[in-house]
Amino acid sequence: MFRFAPLVSLALGSLALAQTYSATYLPTNTPKTTEQGQTGTNQCGSGHDQNSMCQNAYLNSLDDWCIFAPPKPGPGSAIEDTEQIEVAWCTKDGHGTRLIPDGSITGAHFVQTPDYVQITGVGDLTQINIPAGNEGGELDPHGADGNGNPIGGLVFSSAFGDITQMHEWTNFVSDTEFCFRACKDGPKAPVLCQHIYDVLGCAWNLPGNYASGSFDRCLADTAEPMGVYGTSTFHQGDPSTPTAHPAPPTSSCTTTSTIGNGLAASASGTASSGASSASTIGGASATTSVTSSVSNTPSASGSPSASGPSSTRGPVSSLSGSDTASRTNSASGTPSATGGSGNNGAASLRVLGSGIERVVASAGALLLGVALMT
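Residues numbered from 1 in each chain as written. Predicted model: local features only at pLDDT ≥ 70, side-chain atom pairs only at ≥ 80, totals over all residues. Heavy atoms only, no water.

(A) Structural context of the overall build of the chain. When you go through the chain residue by residue, the secondary structure sums to five helices and 17 strands. Counting only residues that meet the buried cut, the chain has 56% of its 374 residues in that class. Pairs at least 24 residues apart make up 78% of the contacts formed inside the chain by residues separated by at least 6 positions. Split by element, the accessible area of the chain, about 13600 Å² in all, is 55% carbon and sulfur. (Helix = DSSP H or I, 4+ residues; strand = E, 2+ residues; numbered from the N terminus. Buried < 20%, exposed > 50% of the residue type's maximum accessible area, 1.4 Å probe, protein only. Contact = heavy atoms within 4.5 Å. Areas by Shrake-Rupley, 256 points an atom, 1.4 Å probe, with all protein chains shown as cover.)

The following block contains the structure:
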C-alpha cells in the first residue's frame, strides 16, 4: 500500500501552500529568455512561424491552446530526450509560435473549473515532431533543476479574465495523446498541478475526456488533487498504485465539429510551412451550443496502458521526467532563437524554493488533502 505522508511541520506545509514567485510576466513584457540554459525564447511577438523557438504556451479556450513538443523531427526527438528544449505548438495563430497542423487533433476537450483550466485529447502528434511509438513524458515549470521542462517555458491564460501567467502547470504528451492543466495562483495550485507523478500519464494525473471524434468546452468542479487520498499521500514508486480519482462532472458544454487554423499537414509528418496562417474553428463548420450536464468519469486505472488511444488512457511518461535527471538531445539543434516577432529586454525567472520542492509538495499535498476532506 502507499505510505502515509508524515506531518513534517505546519511551517513547511504553509510554504508549499503560500508559494511565491520571483517574477510574473505578460506576453507583452517577457524578456528574451527567463532561465539560464534556455534554448528558445519568451519574446515571441505575433503571427506564427513553423521554425519558431517560442516557449510560451497558452490555455485560453477550446480553439486557442498549446502544448509543448520537440523543435525538430527524428528518432532522437522523443519527449524524454528533448524535455528541456521543447517549444510551443498552438492551435491558433497570433502567439508567435508554431501551429499544430489541421487534422492532427482528432479529439479535444477543454474544461474550466474554479481553480484551473485543462485540455485533454488525442491525435496524430507525429505532426508536431514526436516520434511514432513514443509514449511521451511530463513537462512542468520545475524540472529536476528548478528551471522547468522545457527550460524557461511559460504558460498564460485568459480563461479567467485578463491574460495572466499561470505559474503552476503540468503537460503530458505522447505520439497519440495529450493533456495540459494550468492552475490559478493560490494555495491549491501546487497540489492541483502536481508534477511528481511523471510516469503515471494523463488519465491518472488529469482524469477527463480523452474521446476521439468530438470537440467540446465545458465547466466542471475542481478535481481531487492527484495522489492525495484523505489523510494519506501516494508516492510514486510505492508498492501499490492507487486508482486515479474520477473526473469531476461537467456541465454547460459547447461542442464544435472540429478545430483548425488553416495550416495543412504534410505526408512526411511535419507541418507544411507554406500554408495559410488564418485561424478558424473547423473551417466552414458551425459551432453548436449544447447546454447540459455531462458526467465524465473514466475508469482510469493506476497502471497506464500501452494500447492505442482511448477515452481513459494517458500517455506513459518516460522515467526521465521532472523527478529524474533530464537529458538534452544534442542532435535536435535549435532552428532559430526567435519567435514570430517582437523585442524586449532580458531578465531571469526562477521559482523560489525549488531545491526543496519534493518535500514541500508532499507536505503541501497532505495538508490540502486534509483541508478538502473536512
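(B) Representation of the nonpolar core within the structure. In terms of nonpolar packing, the biggest core is built from 39 residues, with Trp65, Ile67, Ile105, Ala108, Phe178 and Phe180 touching the most fellow members. Those elements that place two or more of their residues in this core are strand 1 (56–61), strand 2 (64–69), strand 3 (87–90), strand 5 (105–112), strand 6 (116–123), strand 8 (154–157), strand 10 (168–173) and strand 11 (177–183). At five residues, strand 2 tops the list of elements feeding residues into this core. Here Ile67 is in contact with Val87, Ala88, Trp89, Ile100, Leu125, Ile128, Asn171, Val173, Phe178 and Phe180, once residues within four sequence places are set aside. One finds Ile196, Tyr197, Leu206 and Phe234 within the second-largest nonpolar core, a separate group that totals 14 residues. (Core = buried A, V, L, I, M, F, W, Y, C linked by side-chain atoms within 4.5 Å.)

(C) Representation of the environment of Trp169. If you trace the backbone, Trp169 turns up in strand 10. The spatial distance from the C-alpha of Trp169 to the C-alpha of Gln118 is 9.6 Å, given a sequence separation of 51 residues. Trp169 has contacts with Phe68, Leu139, Asp140, Pro141, Asn149, Pro150, Gly153, Val155, Phe180, Arg181, Ala182 and Cys193, leaving out every residue within four places of it along the chain.

(D) Quick peek at the confidence of the model for the chain. Per-residue pLDDT for the chain has a mean of 77; in total, 66% of the residues score no lower than 70. A low-confidence stretch, residues 272–336 (pLDDT under 50), is modelled with 187 contacts involving residues beyond four sequence positions or located in other chains. Ignoring residues within four places in sequence, the model shows residues 341–374, a span with pLDDT below 50, making 92 contacts including any to other chains. (pLDDT = per-residue confidence, 0-100.)

(E) Inspection of the state of the cysteines at higher detail. Taken as a whole and judged by the stated rule, the model has five disulfides. Across a sulfur-sulfur distance of 2.1 Å, Cys183 and Cys193 are joined as a disulfide pair. As the torsion about the S-S bond is roughly 95 degrees, the Cys183-Cys193 disulfide counts as right-handed. In this pair, Cys183 is assigned in strand 11 and Cys193 in the loop between helix 3 (189–192) and helix 4 (201–205), connecting sequence segments ten residues apart. Judged by its relative accessible area of 1%, Cys183 is buried. With relative accessibility at 0%, the residue Cys193 sits in the buried group. (Disulfide = S-S within 2.5 Å.)

(F) Just the pattern of salt bridges, in detail. Scanning the model with the defined rule gives one salt bridge in all. When the shortest N-O distance is used, the salt bridge between Asp115 and Lys188 registers 3.8 Å. Here Asp115 is found in the loop between strand 5 and strand 6, whereas its partner Lys188 is found in the loop between strand 11 and helix 3, with 73 residues between them in sequence. A residue is classified by how much of its surface remains accessible, and Asp115, at 19% relative accessible area, is buried. (Salt bridge = Lys/Arg side-chain N within 4 Å of Asp/Glu carboxyl O.)

(G) Structural context of the pairing of strand 5. Burial analysis of strand 5 places seven of its eight residues in the buried class, which makes it a mostly covered element. Summarising the sheet, strand 5 and strand 6 pair through seven bridges and their orientation is antiparallel. Directly across from Val111, in strand 6, lies its bridge partner Gln118. Where strand 5 folds back onto strand 6 in an antiparallel hairpin, the turn is made up of three residues. With five bridges joining them, strand 5 and strand 12 (residues 215–220) adopt parallel strand pairing. The partner of His109 across the bridge, within strand 12, is Asp216. (Pairing = 2+ DSSP bridges.)

(H) The arrangement of unusual backbone geometry in detail. Between Asn149 and Pro150 the backbone carries a cis peptide bond, its omega angle lying at 0 degrees. At Ser252, a position not held by glycine, the phi torsion is positive, near 50 degrees. Since its relative accessible area comes to 34%, Ser252 is described here as partly exposed.

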